[in-house]
Every structure is written in C-alpha cells, then in structure tokens.
Amino acid sequence: MYRVLKALDTGGGRRIYPGSLVWLDWLDEAGIGILKTVGAICEVHPPPLSILPGWKRRSKRVEKLGLLDVVAFMGATTEMVAEALGVKPNTVDRWKHEVSEWLIVKESNNG
Amino acid sequence: MAQTTTAVNACDAGIWLDNGTLTPTDIGGSANNVDMNFDQEIGEFRTFGSRWPGRLECGKDANFTLNVVYSSAADEAFDILKTWYFASSPGNRTLSVYIPDKNVGSDHFQAECKIEGLSWTAGSDEAGPIMVTVNLLPDGEATLSTLAT
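Residues numbered from 1 in each chain as written. Chains lettered and ligands numbered in written order. Predicted model: local features only at pLDDT ≥ 70, side-chain atom pairs only at ≥ 80, totals over all residues. Heavy atoms only, no water.

### Side note on the overall build of chain A
Step number 1: Helix and strand counts for chain A stand at 5 helices and 6 strands.
Step number 2: Principal-axis analysis of the C-alpha atoms gives chain A an extent of 40 × 35 × 20 Å.
Step number 3: Counting every position in chain A, which comprises 111 residues, the buried fraction comes to 40%.
Step number 4: Relative to all contacts within chain A whose residues are 6 or more apart in sequence, the contacts with residues 24 or more apart total 44%.
Step number 5: Here chain A has roughly 6,700 Å² of accessible surface; of this, 53% comes from carbon and sulfur atoms.
Step number 6: For chain A, the distance from the average position of its 15 positive side-chain charges to the average position of its 13 negative side-chain charges is 8 Å. (Helix = DSSP H or I, 4+ residues; strand = E, 2+ residues; numbered from the N terminus. Buried < 20%, exposed > 50% of the residue type's maximum accessible area, 1.4 Å probe, protein only. Contact = heavy atoms within 4.5 Å. Areas by Shrake-Rupley, 256 points an atom, 1.4 Å probe, with all protein chains shown as cover. Lys, Arg positive; Asp, Glu negative; His and termini not counted. Charge placed at Lys NZ, Arg CZ, Asp CG, Glu CD.)

Next comes the structure, spelled out in structure tokens:
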C-alpha cells in the first residue's frame, strides 16, 4: 500500500490526489520504483491493528481472520470481513476509513 | 550539493491534443516546440518605516505556444489546429504535455484550452517546411500530475 504524495494520472482523465492510499496493482515493481524515485508516492509502514486507538478489542476479532496489521485489513474484501465477523459491510467500510486515517508515512531517506 | 543526475531533455516529450471528435491525439510527430508559461499575480506594498515590500498572491494563469509543421495529412497537428480555429464554435480542447516522455513517472501538464491564434509566414524563397505558431490559453486550471500508467 502506498500514500500518494503528488497527483497521479491513471489515464482516461482519472486522477488520484495527494493523501490518498493506493495499491498500484496495475504497475510492476519497476513502475512503482520510478514513482517512488520521483517522489510521487511513498510506502506506508503498517502498524499492528491492536495499537490503534479504540482497536484493542476489535483487533483480536480481526486478527482471527489472519489480518494482523493495517495493510492486511485494508486489503481484505469488505464482504469477507463482514460475513466472517457478523457485521454489516457498512461497518467494515467505516472501520477501514477510520484505520486509513492512522496510517503512518515513512520519511524519505534522501534528506 | 552534488550535481543532479536526473536532468531531463524534451527529445521524447509527448504532445497530445483533442481532435475534432475530442479524442486525445498524439501530435508530437508534427510538432517540434512548445513554450509553456505559468504565471502568478503578485501585488506589492510597502508601509512607512519598512524598507522591504510585502507581497500578496492572487490569480494564476498560463499560456502555451506550439510550433507545428504545416502538413497535409488528416489528424496531424496542423489539420487539427486549423479545423479547430475555423470551426463556427471552436470551443475547448484538452492539451497534454508529457515530460520527459509518456511513461510512468513523467510529469503530465494538462489544460482545457481555447485557441487564441495561428500564424505563419509563407515565403517564396524558403525551401523548408512552413512552421506554424499556435497560441493556446487555458479555460480554467492548468494542472500537473505524475503519470502512473
């Protein structure tokens, strides 16, 4: 998962704006490397869910699904998580939004 | 600071312009120069007792000047531009410039533009192709993004 630092043009008039979180699954490693080099994206370093405020108990339920950190949780399909935990998909989407607000951005090594 | 190792030139820059059906069309094969100017309005003031002015920011603007070859083929730069200008309602077209090329990581400058004018000189003693200058002005924001596809 990556945080967008500069607006990305994904073709067809579509843009992803700075601050957004993206998977970039349509790009290969070389392409992702180029975007990192030009400072357009940076990696997100995922904390475990359990350290997020309000997630101490909820994280235990989510971790039983094998989703041990923020990126794993964000990458899981909403429907799968909702069905497995017996909650509404809207609830899972709300959790994902809440979690995305806490993601940490690694600082560049280039000074 | 060490000299940069990431300087770029424009040899492979991509220049795309909407054609008459508003389809983005690569016109780089019949263009060889684009001047791109980005401005910001700055207002200045100085008050009693101060030696240095204060400055305030206001509006932004841009303008683009293309040099294209006067060519005869349909859907090349000159055909698109002359048809655009001579249309009864010219309207807006999207101009995109990709530097250094149209690959992942390149800068993508884009604007919805109106055509301000075309000009060229046809000389009887000139063996080279007629070069046409085109001025485009953005209607609204000119944007910068990084190509990610």
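### Quick word on the packing of aromatic side chains
Step number 1: Scanning the model with the defined rule gives 8 aromatic pairs over all chains in all.
Step number 2: Summarising the aromatic geometry, the rings of Trp55(A) and Trp95(A) are spaced 5.9 Å apart at their centres and angled 75 degrees between planes, so their arrangement reads as edge-to-face. Remark: Trp95(A) occurs in helix H5 (residues 89–100) and Trp55(A) occurs in the loop between strand E5 (41–45) and helix H2 (56–63); sequence separation between them is 40 residues. Of the two residues examined, Trp55(A) and Trp95(A), each falls in the buried class.
Step number 3: Relative to Phe64(B), the ring of Phe38(B) lies with its centre 5.9 Å away and its plane at 75 degrees, an arrangement referred to as edge-to-face. (Phe/Tyr/Trp six-rings, centres within 6.5 Å; stacked < 30°, edge-to-face > 60°.)

### Structural notes on the interface of chain B and chain A
Reports of interface size often rely on the accessible area that becomes lost once the parts have come together.
Step number 1: Contact residues are listed per partner, giving 12 residues for chain B and 14 residues for chain A.
Step number 2: Taking both sides of the interface into account, the surface hidden between chain B and chain A amounts to around 940 Å²; carbon and sulfur atoms contribute 56%.
Step number 3: It is Val104(B), Thr146(B) and Ala148(B) that lose the most area in chain B upon contact with chain A, and together they represent 53% of the buried surface on that side.
Step number 4: The interface formed by chain B and chain A includes 0 salt bridges.
Step number 5: If you look at where chain B meets chain A, you find 7 residue pairs in polar contact (both at pLDDT 80 or more). (Buried area = accessible area lost by both parts, 1.4 Å probe. Salt bridge = Lys/Arg side-chain N within 4 Å of Asp/Glu carboxyl O. Polar contact = N/O pair within 3.5 Å; in protein donor to acceptor, adjacent residues only side chain to side chain.)

### Remarks on helix H1 (residues 77–86) of chain B
Step number 1: Within H1(B) the residues assigned to the buried category are Ala77(B), Phe78(B), Asp79(B), Ile80(B), Leu81(B) and Trp84(B).
Step number 2: Buried residues along H1(B) sit against strand E1 (14–18), strand E2 (24–26), strand E4 (54–69), strand E5 (93–99), strand E6 (107–119) and strand E7 (131–147) of chain B.

### Comments concerning the nonpolar core
Residues and elements named next belong to chain B.
Step number 1: Within the largest apolar cluster, 22 residues are counted, with the highest numbers of intra-cluster contacts made by Leu66, Leu81, Leu95, Val134 and Leu136.
Step number 2: Looking at this core, the elements with two or more residues in it are E1, E4, H1, E5, E6 and E7.
Step number 3: Counting residues per element, this core draws most heavily on H1, at 5 residues.
Step number 4: When residues no more than four places from it in sequence are discounted, the contact partners of Leu95 are Ile15, Trp16, Leu17, Phe64, Leu66, Phe109, Gln110, Ala111, Cys113 and Leu136. (Core = buried A, V, L, I, M, F, W, Y, C linked by side-chain atoms within 4.5 Å.)

### Describing the confidence of the model for chain A
Step number 1: Residues of chain A with pLDDT of at least 70 account for 92%, and the chain-wide mean is 86.
Step number 2: In this model, residues 106–111 of chain A is a region of pLDDT below 50 whose contacts with residues beyond four sequence positions or in other chains number 3 contacts. (pLDDT = per-residue confidence, 0-100.)

### Here's the deal with unusual backbone geometry
Only a minority of non-glycine residues have a phi that is not negative, and only a minority of peptide bonds are not trans.
Residue and element names in this part refer to chain B.
Step number 1: The residue after Ile99, namely Pro100, is reached through a cis peptide bond having omega 5 degrees.
Step number 2: For Pro100, the location among the structural elements is in the loop between E5 and E6.
Step number 3: Positive phi outside glycine occurs at Leu22, with the angle close to 60 degrees.
Step number 4: Structurally, Leu22 is set in the loop between E1 and E2.
Step number 5: On the basis of relative accessibility, which here comes to 52%, the residue Leu22 falls in the exposed class.
Step number 6: Look at Asp75: it is not a glycine, yet its phi comes out positive at around 65 degrees.

### Some thoughts on the packing of helix H4 (residues 78–85) of chain A against H5(A)
All names here are of chain A.
Step number 1: Look at H4 against H5: their axes get within 8 Å of each other, and the N-to-C directions meet at 115 degrees. In this structure, the crossing between H4 and H5 has a hand that is right-handed. Together, Thr78, Val81, Ala82 and Leu85 of H4 and Pro89, Val92, Asp93, Trp95 and Lys96 of H5 make up the contact between the two elements.
Step number 2: Classifying every residue of the contact of H4 with H5 by side-chain character gives 6 nonpolar, 1 polar and 2 charged. (Axes fitted to C-alpha atoms, helices over the stretch in contact; angles between N-to-C directions. Left-handed = near helix turned anticlockwise from the far one by under 90°. Nonpolar A, V, L, I, M, F, W, Y, C, P; charged D, E, K, R; others polar.)

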